[in-house]
Amino acid sequence: MAYDKFEILKSSAVPLPIENVDTDQIIPARFLKATERKGFGDNLFRDWRYNPDNTPKEQFVLNNPMYSGKILVGGKNFGSGSSREHAAWAVYDYGFRCVVSSFFADIFRGNCLNIGVLPVQVSAEFLDEIYKAIEADPKTEIEIDLPKQTITILVSGAQESFEINTYKKDNMLNGFDDIDYLTKMKDEIEEFASKRPF
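Not measured: the values here are computed from a predicted model.

*Asks:* Quick question: what am I supposed to make of the sheet that holds strand β7 (residues 158-161) here?
*Replies:* Strand pairs in the sheet, formed through backbone hydrogen bonds, run parallel or antiparallel to each other. Read from one edge of the open sheet, seven strands run β4-β3-β2-β1-β5-β6-β7, paired in mixed fashion. Each having just a single partner strand, β4 (118-121) and β7 make up the two edges of the open sheet. Looking at each pair of strands side by side, their axes are set apart by 30° on average, direction ignored. Of the pairings in the sheet, the one linking strand β1 (residues 8-16) to strand β5 (residues 141-145) comprises five bridges and is antiparallel in character. Each bridged residue has a counterpart across the sheet, and for Ser12 the counterpart in β5 is Glu141.

See the structure below:
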């Protein structure tokens, strides 16, 4: 499934300074029955967002109108737990295009990259700077520059570089998932196959 190209994202951010956020907290298991990638955003952090009677929990950050944007800033070890790809689907479907943390679980990181959510790993010190900037001004903007692989707090100019696999970077810049990448190479694949002796 193709997604929007990711080049430079400039946005305010939603702070979630909680460590060890696992995939069951991101999208509880009871919502994993669907097989399409749509509709999961409604249940992102469901048990943290809503009371048992489905009324919003006012203290939870996604229910706070002060915070908005396409960037989610999570605590250390974000996306740990089970390997469910639905967690990444929920993050994307809610509207986030980037998650920032000082450490990501490997499978969650891969699932995000496969569907167009950029996981940006920063140092613990830089993560703290981001939280402080958002606390000072909830509308403060962060710039994610994928071509340059930098993240910048615009109000202060503080910046760090981040790592990303070259193949995944190219896919995100073009809005490709793995199937799109192969489809793009169809002519080359067919030419190669035509030269095989079997």
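Once the structure has been displayed, the description carries forward.
*Asks:* I tried to follow the environment of Arg49 on my own but got confused; where do I start?
*Replies:* Note that Arg49 resides in helix α2 (residues 46-49). Sequence separation between Arg49 and Asn63 is 14 residues; the distance between their C-alpha atoms is 6.9 Å. Setting aside residues no more than four positions away along its own chain, Arg49 makes contact with Gly41, Asp42, Asn43, Leu44, Thr55, Pro56, Lys57, Phe60, Leu62, Asn63 and Tyr94. Of note is the side chain of Arg49, whose polar atom sits 3.1 Å from the backbone oxygen of Gly41. Engagement of the side chain of Arg49 in a polar contact is seen with the backbone oxygen of Asp42, the distance being 3.3 Å.

*Asks:* I would appreciate a short explanation of the pattern of salt bridges in the present structure.
*Replies:* In a structure, side chains of opposite charge can pair up when their charged atoms sit close to one another. Counting across every chain of the model gives three salt bridges. We note a salt bridge from Arg84 to Asp24, for which the minimum N-O separation is 3.0 Å. Remark: Asp24 occurs in helix α1 (residues 23-26) and Arg84 occurs in the loop between β2 (71-74) and α3 (86-94); sequence separation between them is 60 residues. Notably, a salt bridge pairs Asp128 with Lys132, separated by 3.2 Å at the nearest N-O pair. Pair noted here: Asp128 and Lys132 are both in helix α5 (residues 124-136), with a separation of four residues, about one helical turn.

*Asks:* In this structure, what is going on with unusual backbone geometry? I would like to understand it.
*Replies:* Excluding glycine, residues mostly have negative phi values, and the peptide bonds linking residues are mostly trans. Of note in the backbone geometry, Phe45 takes a positive phi value of approximately 55° without being a glycine. Here Phe45 falls in the buried class, since its relative accessible area comes to 0%. Backbone geometry at Asn77 places phi at a positive 65°, although glycine is not the residue there. Take Asn77: it is sitting in the loop between β2 and α3.

*Asks:* Sorry, what's going on with the state of the cysteines here?
*Replies:* Note on terminology: a disulfide is the covalent bond linking the sulfur atoms of two cysteines. Following the criterion strictly, the structure yields zero disulfides and no others. Note on Cys98: no disulfide assigned, nearest cysteine sulfur contributed by Cys112 at a separation of 9.4 Å.

*Asks:* Please clarify how the packing of aromatic side chains should be interpreted in this entry.
*Replies:* For any two aromatic rings, the description comes down to two numbers: the centre-to-centre distance and the angle of the planes. Here the structure, examined in full by the defined rule, presents seven aromatic pairs. Taking the centre distance of 6.5 Å and the plane angle of 80° together, the rings of Phe78 and Phe104 count as edge-to-face. Of the two residues, Phe78 is situated in the loop between β2 and α3 and Phe104 in the loop between β3 (98-101) and α4 (106-115); the sequence distance between them amounts to 26 residues. Aromatic ring contacts, followed pair by pair, group Phe45, Trp48 and Phe60 into a single cluster.

*Asks:* What's the story with the side chain of Arg97 in this structure? I'm lost.
*Replies:* With respect to the helices and strands, the residue Arg97 is situated in the loop between α3 and β3. In this structure Arg97 touches Tyr3, Asp4, Lys5, Phe6, Leu9, Lys70, Tyr92, Gly116, Val117, Leu118 and Met172, once residues within four positions along its chain are discounted.

*Asks:* Just checking my understanding: could you explain the packing of α3 against α4 for this structure?
*Replies:* Each pair of packed helices can be described by the angle between their axes along with the distance between the axes. One way to put it is that α3 packs onto α4 with a least axis distance of 8 Å and a crossing angle of 50°. Between α3 and α4, the angle falls in the class oblique. Two packed elements cross with a definite hand, and for α3 against α4 that hand is right-handed. Here Ala87, Ala88, Trp89, Val91 and Tyr92 of α3 lie close against α4, whose contacting residues are Phe108, Asn111, Cys112 and Ile115. Counted by class, the contact of α3 with α4 contains eight nonpolar, one polar and no charged residues.

Rules used throughout
Residues numbered from 1 in each chain as written. Predicted model: local features only at pLDDT ≥ 70, side-chain atom pairs only at ≥ 80, totals over all residues. Heavy atoms only, no water. Pairing = 2+ DSSP bridges. Helix = DSSP H or I, 4+ residues; strand = E, 2+ residues; numbered from the N terminus. Axes fitted to C-alpha atoms, helices over the stretch in contact; angles between N-to-C directions. Contact = heavy atoms within 4.5 Å. Polar contact = N/O pair within 3.5 Å; in protein donor to acceptor, adjacent residues only side chain to side chain. Salt bridge = Lys/Arg side-chain N within 4 Å of Asp/Glu carboxyl O. Buried < 20%, exposed > 50% of the residue type's maximum accessible area, 1.4 Å probe, protein only. Disulfide = S-S within 2.5 Å. Phe/Tyr/Trp six-rings, centres within 6.5 Å; stacked < 30°, edge-to-face > 60°. Parallel < 35°, antiparallel > 145°, perpendicular 65-115°, else oblique. Left-handed = near helix turned anticlockwise from the far one by under 90°. Nonpolar A, V, L, I, M, F, W, Y, C, P; charged D, E, K, R; others polar.

Keep in mind these numbers describe shape, not what the thing actually does.
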